[in-house]
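Architecture and fold: a report
Read off the chains here:
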Amino acid sequence: MRTPLWDVHVAAGATMTEFAGWDMPVRYGSELAEHHAVRTAAGVFDLSHMGELELTGSDAAASLDAACVSRLSAIEVGRAKYTMLCDAAGGVLDDVIVYRQADERWLLVANAANTAVVHAALTDTLVGDTTLTDRSPDFALLAVQGPDTNRLVAPLTDADLAALRAFRGTAAQVAGHDVWLARTGYTGEDGVEIYAPAAAAADLWHAVVAVGATPAGLACRDTLRLEAGMPLYGHELSRQRTPQAAGMGRIVDLDHAFVGRDALAAAGPPTEVLVGLVADGRRAPRAGNAVITPGATRIGEVTSGALSPTLGHPIAMAYVAADHADTGTRLQVDVRGTAATVDVVDLPFYRRAKRS
């Protein structure tokens with residue numbers, strides 16, 4: 001499948017690849033340059049492959065509460081929440097962002113590969129006056145990320161960007177188009193997301209590039225989110241892992257009924273937990289590499305790893321046995337037959353300075 005910006009990416013010389021069934025840009029030139037552009041200025045990503053599911057009606061909040069590990073009915077209009085849907089055993093079906101756009105209208109954003117799974121899970125929890133609509137074909141989604149985002153986007157919009165705080169959204173105009181403008185992010189930097197009609201995608205893309213945003217692809221998006229310690233479904237998150245094992249127990253509200261609640265409430269502490277690893281040298285651990293003790297006992301597996309462009313040394317996330325997960329624990333990773341020394345560290349690896 002192609003996003004509404006496919007022609008724009010090809011014209012810009014992007015290297016394209018298949019991702020979750022979509023033909024997506026990996027990079028436009030140098031993924032390292034794109035990474036640094038987001039950290040130091042601003043980059044723009046095409047996220048139009050993501051799934052957008054709309055719930056409306058007087059019982060939409062109750063339907064979401066029944067599906068999600070967080071109590072969505074508690075958030076106010078204009079707010080967003082990061083949450084998860086689980087199966088009956090407590091395994092993660094997907095991690096999602098949910099916006100309350102009006103009293104009786106909600107927008108749930110799912111990972112591209114999981115949109116159908118989330119739609120089915122929501123269908124099973126619908127109650128009363130709730131209508132669920134897959135709006136994915138209607139939307140284009142652009143993410144402008146980086147410390148210069150407000151300065152660059154402000155001349156294009158009628159929204160008060162200074163007042164748009166984290167995990168909030170508002171109806172606005174950008175470059176003359178009616179959009180839903182939000183601030184959630186997935187790179188560890190400040191930024192905004194622009195949910196727009198698919199037909200407006202190219203116009204909006206050219207507008208933000210014209211004011212100075214650097215086109216950025218999936219490759220640098222992955223290193224940016226890894227530095228920020230953010231999980232990726234299929235790597236850190238899956239049906240084989242609970243939110244607690246992934247370090248996301250804080251988003252689980254056991255004081256309401258939802259699919260998987262009983263299993264999560266009955267489960268003891270996870271035997272394996274997600275940790276950050278920092279490696280010596282330049283050899284980066286990669287997904288699937290075994291984590292071992294200095295005595296060569298396997299106690300976990302790397303889920304994501306790379307040489308950090310910002311920090312200049314290898315970093316990784318991994319699931320390891322809970323009794324080896326304390327910060328400062330020295331372990332090893334089997335990197336193509338060579339034991340690379342790593343230290344367990346707190347996540348995230350990189351934390352931006354808070355904007356005033």
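Because the structure is predicted, anything quoted here is derived from the model rather than measured.

With that settled, consider the pairing of strand 9 (residues 139-145). With seven of seven residues buried, strand 9 is to be regarded as a mostly interior element. Covered by surrounding structure in strand 9 are Phe139, Leu141, Ala143 and Gln145 together with Ala140, Leu142 and Val144, the residues of both alternating faces. As judged from the four bridges shared by strand 3 (residues 43-46) and strand 9, these two strands associate in the antiparallel manner. Along strand 9, the bridge assignment pairs Asp46 with Leu142.

Moving on, we come to unusual backbone geometry. The linkage connecting Leu347 with the following residue, Pro348, adopts the cis geometry, with an omega of 0°. By the secondary structure assignment, Pro348 is in the segment after strand 19 (338-345). The phi angle at Ala20 is positive, at roughly 55°, despite the residue not being glycine. Its place among the elements puts Ala20 in the loop between strand 1 (15-19) and strand 2 (22-27). For Ala20, a relative accessible area of 30% puts it in the partly exposed group. Its identity as a non-glycine residue notwithstanding, Arg336 has a phi of 50°, on the positive side.

This brings us to the side chain of Ser48. Inspection of the secondary structure assignment puts Ser48 in the loop between strand 3 and strand 4 (51-56). Side-chain polar atoms of Ser48 contact the side chain of Asp46, separated by 2.7 Å. Within polar-contact distance, the side chain of Ser48 engages the backbone nitrogen of Leu141 at 3.0 Å.

Another aspect to go through is the sheet that holds strand 19. An order of 14-17-16-15-18-19 is seen for the six strands of this closed barrel, with the pairing classed as antiparallel. Sheet twist, expressed as the average angle between the axes of neighbouring strands with direction ignored, equals 40°. Pairing geometry for strand 14 (residues 272-279) and strand 17 (residues 314-321), over seven bridges, is antiparallel. Bridging across to strand 17, Glu272 finds its partner in Ala321.

Two measures describe an aromatic ring pair: the distance that separates the ring centres and the angle between the ring planes. Overall, the coordinates contain four aromatic pairs when judged by the stated rule. Seen from their ring centres, Tyr28 and Trp205 are 6.3 Å apart, and the 35° between their planes marks the pair as tilted. Residue Tyr28 is found in the loop between strand 2 and helix 2 (31-40), and its partner Trp205 is found in helix 6 (residues 201-210); the two are separated by 177 residues along the sequence. The same class applies to Tyr28 as to Trp205, namely buried. When the ring of Tyr99 is compared with that of Tyr195, the centres are 5.6 Å apart and the planes differ by 75°; the resulting orientation is edge-to-face. Here the residue Tyr99 occupies a position in strand 6 (residues 92-102), and Tyr195 occupies one in strand 12 (residues 191-197), the gap between them amounting to 96 residues. In this structure, Tyr99 and Tyr195 share a single accessibility class: buried. Taken together, the ring pairs in this structure connect Tyr99, Phe139, Trp180 and Tyr195 into an aromatic cluster. Sitting over the face of the ring of Tyr350, Arg39 holds its NZ or CZ atom 4.0 Å from the ring centroid. Directly above the ring of Tyr319 sits Arg241, whose terminal nitrogen or CZ lies 3.8 Å from the centroid.

Per the counting criterion, the structure on display carries zero disulfides. The structure places no disulfide on Cys68, whose sulfur is separated from the nearest cysteine sulfur, that of Cys86, by 9.4 Å.

Thresholds, definitions, all that
- Residues numbered from 1 in each chain as written.
- Predicted model: local features only at pLDDT ≥ 70, side-chain atom pairs only at ≥ 80, totals over all residues.
- Heavy atoms only, no water.
- Buried < 20%, exposed > 50% of the residue type's maximum accessible area, 1.4 Å probe, protein only.
- Helix = DSSP H or I, 4+ residues; strand = E, 2+ residues; numbered from the N terminus.
- Pairing = 2+ DSSP bridges.
- Polar contact = N/O pair within 3.5 Å; in protein donor to acceptor, adjacent residues only side chain to side chain.
- Axes fitted to C-alpha atoms, helices over the stretch in contact; angles between N-to-C directions.
- Phe/Tyr/Trp six-rings, centres within 6.5 Å; stacked < 30°, edge-to-face > 60°.
- Lys NZ or Arg CZ within 6 Å of the ring centre and 35° of its normal.
- Disulfide = S-S within 2.5 Å.

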